[in-house]
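# Observations on the three-dimensional arrangement
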Amino acid sequence: MKRPDTIQNVTIHESGSRVPPGQFLTDKFPVLTYGSEPNVDIESWKLRIFGLVDKEIELDWAQFSSLEWETVDADFHCVTQWSALDQTWEGVSLRNVLRLVQPAAEARFVMIHSYGGYTTNLPLDLVLEEGLFAHKHMGEPLGKSHGWPLRFVVPSVYGWKSAKWVNGIELMAADAPGFWELRGYHNDGDPWKEERFWPELTR
Ligand SMILES: Nc1nc2c(c(=O)[nH]1)N[C@H]1C(S)=C(S)[C@@H](COP(=O)(O)O)O[C@H]1N2
Ligand SMILES: [Mo]
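Let me begin by describing the structure that accompanies this report. (Residues numbered from 1 in each chain as written. Chains lettered and ligands numbered in written order. Predicted model: local features only at pLDDT ≥ 70, side-chain atom pairs only at ≥ 80, totals over all residues. Heavy atoms only, no water.)

Let us look at the overall build of the chain. The secondary structure content of the chain amounts to four helices and 12 strands. By its C-alpha atoms, the chain is 45 × 35 × 35 Å across when sized along the principal axes. Within the chain, the proportion of its 203 residues that are buried is 49%. Across the chain, the fraction of contacts at a sequence separation of at least 24, relative to all contacts at a separation of at least 6, is 69%. Accessible surface computed for the chain: about 10,100 Å², of which carbon and sulfur atoms make up 51%. Here the chain contributes 19 positively and 29 negatively charged side chains, and the mean placements of these two sets differ by 2 Å. (Helix = DSSP H or I, 4+ residues; strand = E, 2+ residues; numbered from the N terminus. Buried < 20%, exposed > 50% of the residue type's maximum accessible area, 1.4 Å probe, protein only. Contact = heavy atoms within 4.5 Å. Areas by Shrake-Rupley, 256 points an atom, 1.4 Å probe, with all protein chains shown as cover. Lys, Arg positive; Asp, Glu negative; His and termini not counted. Charge placed at Lys NZ, Arg CZ, Asp CG, Glu CD.)

All right, on to the nonpolar core then. Inside soluble globular proteins, nonpolar side chains tend to come together where they are buried. Counting 40 residues, the largest nonpolar core has I49, F64, V97, I112, F133 and I169 as the members making the most contacts within it. Beyond its immediate stretch of four places on either side in the chain, F64 contacts W45, L47, L59, W69, V92, V97, F133 and L150. With 12 residues, the next largest nonpolar core counts F29, A74, W89 and A134 among its residues. (Core = buried A, V, L, I, M, F, W, Y, C linked by side-chain atoms within 4.5 Å.)

Turning our eyes to something else, we now look at the pattern of salt bridges. For the structure on display, the rule yields seven salt bridges. Between E37 and K144 there is a salt bridge, and its shortest N-O distance comes to 3.3 Å. Of this pair, E37 sits in the loop between strand 2 (24-25) and strand 3 (47-51) while K144 is found in the loop between strand 10 (140-141) and strand 11 (151-153), placing the two residues 107 residues apart along the sequence. The partly exposed category is assigned to E37, whose relative accessible area is 29%. Relative accessible area serves as the criterion here: at 39%, K144 is assigned to the partly exposed category. (Salt bridge = Lys/Arg side-chain N within 4 Å of Asp/Glu carboxyl O.)

Our focus in this paragraph is the pairing of strand 5 (residues 70-77). Counted residue by residue, strand 5 has eight buried out of eight residues, so it is predominantly covered. Across the two faces of strand 5 the burial is the same, with E70, V72, A74 and F76 and T71, D73, D75 and H77 all buried. Pairing geometry for strand 1 (residues 7-9) and strand 5, over three bridges, is parallel. Paired with I7 across the strands is V72, a residue of strand 5. With seven bridges joining them, strand 5 and strand 6 (residues 82-93) adopt antiparallel strand pairing. Residue pairing for strand 6: V72 is matched across the bridge by W89. Where strand 5 folds back onto strand 6 in an antiparallel hairpin, the turn is made up of four residues, including Q81, whose phi is positive at roughly 95°. (Pairing = 2+ DSSP bridges.)

Applying the stated criterion across every chain, the model contains one cavity of 30 Å³ or more. In this structure, the largest cavity spans a volume of roughly 70 Å³. Around the largest cavity, the lining residues are N9, V10, T11, R18, D75, H77, P155, S156, P191 and W192. Residue composition of the lining of the largest cavity, by class: four nonpolar, four polar and two charged. (1 Å grid on protein atoms, 1.4 Å probe; cavity = no way out; pocket = protein on both sides within 12 Å on 5 of 7 lines; lining within 4 Å. Points joined across faces, edges and corners; volume = space filled by probe spheres on them. Nonpolar A, V, L, I, M, F, W, Y, C, P; charged D, E, K, R; others polar.)

Further remarks concern the site of ligand 1. As a structural note, the neighbourhood of ligand 1 is formed by 19 residues, with P30, Y34, H146, R151 and K164 the closest of them. P30 has a polar backbone atom sitting 2.4 Å from an oxygen atom of ligand 1. Interatomic distance of 2.8 Å between a backbone N/O atom of L32 and an oxygen atom of ligand 1. Classifying every residue of the shell around ligand 1 gives 12 nonpolar, five polar and two charged. (Near = heavy atom within 4 Å. Polar contact = N/O pair within 3.5 Å; in protein donor to acceptor, adjacent residues only side chain to side chain.)

Such coordinate-based values are descriptive only and should not be taken to indicate function.
Here's what the structure looks like:
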């Protein structure tokens, strides 16, 4: 596995702050999971790439982990108001995974799918830029509660879009809400704009 230098993906606001409005800092990395944790068996683990691609593929752990790995440093902001700065993640970028397929020209959004049924939607442009499928956090394999063996990380949006226990990438022409986006969380989730909940809930 090639390990290029660590990529910095830290947003510093024009105000100079690294902590978005309404957030407080924690030194810990709390577990935030809705419902029960899925038990994932790495022997049968699969990452399925489907939807608007020339042909669907499924990667097993050996295939996935033979792709080029990257190390990313980033801040993490949960909509429940904790922020954890300087998190280091190691894994494979979504950009690299998608090199294995040919996305259709109409593909504009992705739905990330997880074991247990969790989903979250994101613009394709955004995840091509910064989406990372991480297996390690702070130099260690992910703990089970943090998404072992593989979680998604998208630092510039609230943490609910960093799906744990991922098992699928669906390419879509039209946007569609994921698990929390259907249940009152904002579609986009930019912490600097405090896009926490549906606009009609905060008005
Ligand atoms: N599959 C799944 N992924 C998930 C969640 C979840 O409930 N299920 N919670 C999200 C939320 S709200 C946050 S803030 C982060 C928290 O990651 P952590 O539990 O590793 O701190 O995971 C996100 N990914
Ligand atoms: Mo969260």
